[in-house]
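# Coordinate analysis (summary)
Take a look at the letters that make up each chain.
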Amino acid sequence: MRFLPRPGTSRSLGSWTAVLHLTQALCLSGRREEGALLQADAEKIALEWVCGSSVPARTAAGIAAACGLNWSRAEEHHRAAIARMDEIPDRTAQPITRYWYADMLVERAAPGDLESARALLSDTIAESEAIGLRLYARLARERLARA
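Residues numbered from 1 in each chain as written. Predicted model: local features only at pLDDT ≥ 70, side-chain atom pairs only at ≥ 80, totals over all residues. Heavy atoms only, no water.

## Brief notes about the packing of helix α1 (residues 13-28) against helix α3 (residues 39-48)
- One way to put it is that α1 packs onto α3 with a least axis distance of 10 Å and a crossing angle of 120°. Of the two elements, α1 crosses α3, and the hand of that crossing is left-handed. Taking contact as the criterion, the partners of Trp16, Val19 and Leu20 in α1 are, on α3, Asp41, Ala42, Ile45 and Glu48.
- For the contact of α1 with α3, the per-class residue count stands at 5 nonpolar, no polar and 2 charged. (Axes fitted to C-alpha atoms, helices over the stretch in contact; angles between N-to-C directions. Helix = DSSP H or I, 4+ residues; strand = E, 2+ residues; numbered from the N terminus. Left-handed = near helix turned anticlockwise from the far one by under 90°. Contact = heavy atoms within 4.5 Å. Nonpolar A, V, L, I, M, F, W, Y, C, P; charged D, E, K, R; others polar.)

## Quick word on the pattern of salt bridges
- For the structure on display, the rule yields 16 salt bridges.
- Taking the shortest distance from any N to any O, the salt bridge between arginine 32 and aspartate 103 comes out at 3.2 Å. Taken together, the positions of arginine 32 in helix α2 (residues 32-36) and aspartate 103 in helix α6 (residues 93-108) put the pair 71 residues apart, joining distant regions of the chain.
- Taking the shortest distance from any N to any O, the salt bridge between glutamate 87 and arginine 84 comes out at 2.5 Å. (Salt bridge = Lys/Arg side-chain N within 4 Å of Asp/Glu carboxyl O.)

## Notes on the nonpolar core
- Tyr99, Trp100 and Tyr136 are the most contacted members of the largest nonpolar core, which totals 33 residues.
- Those elements that provide at least two residues to this core are α1, α3, α4 (57-67), α5 (71-87), α6, α7 (113-131) and α8 (134-146).
- When residues of this core are assigned to their parent elements, the largest contribution, 8 residues, is made by α6.
- If near-sequence neighbours (up to four positions away) are discounted, tyrosine 99 is found in contact with Leu28, Leu121, Thr124, Tyr136, Leu139, Ala140 and Arg143. (Core = buried A, V, L, I, M, F, W, Y, C linked by side-chain atoms within 4.5 Å. Buried < 20%, exposed > 50% of the residue type's maximum accessible area, 1.4 Å probe, protein only.)

## As for α1
- When the terminal C-alpha atoms of α1 are compared, their 23 Å separation across 16 residues agrees well with the 22 Å that a helix rising 1.5 Å per residue should span.
- By the burial criterion, the buried members of α1 are Ser15, Trp16, Ala18, Val19, Leu20, Leu22, Thr23, Gln24, Leu26 and Cys27. (Expected span 1.5 Å × (residues − 1).)

## Points about the side chain of glutamine 24
- Note that glutamine 24 resides in helix α1.
- Within the structure, the side chain of glutamine 24 is placed 2.4 Å from the side chain of tyrosine 136, a separation counted as a polar contact.
- If we skip the residues at most four places from it in the chain, glutamine 24 touches Ser54, Val55, Ile63, Trp100 and Tyr136. (Polar contact = N/O pair within 3.5 Å; in protein donor to acceptor, adjacent residues only side chain to side chain.)

Given below as structure tokens:
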């Protein structure tokens, strides 16, 4: 947490990476309210950075927005992240973006969301297993079982 951006300090690679990773970690650990607090920083980062280490910046912004129940903003970020990672193409980020969009859909639970989430999670599992991304294959299997 001490590496997060603070007013009056210059941005750094470390602070940006901390935001992206911490957003995921807080969400995965069930601390979604805290994850929502990172939305403004994640969105600032997403304006300038496509992919930071292992998570696309737009995905982190989508995670934070979903944590704050800002569904339309979250969906906008997730769809943009998927489109960009498919365009590049970034084979590692593709299943990650799909996993987090599916997570948002499960949490929102609007009509049709669970069916869409199940399809995305199945894609995540297949893509993750094909490239050896075991963490996201496991996360997707667990989320699919609960969906």
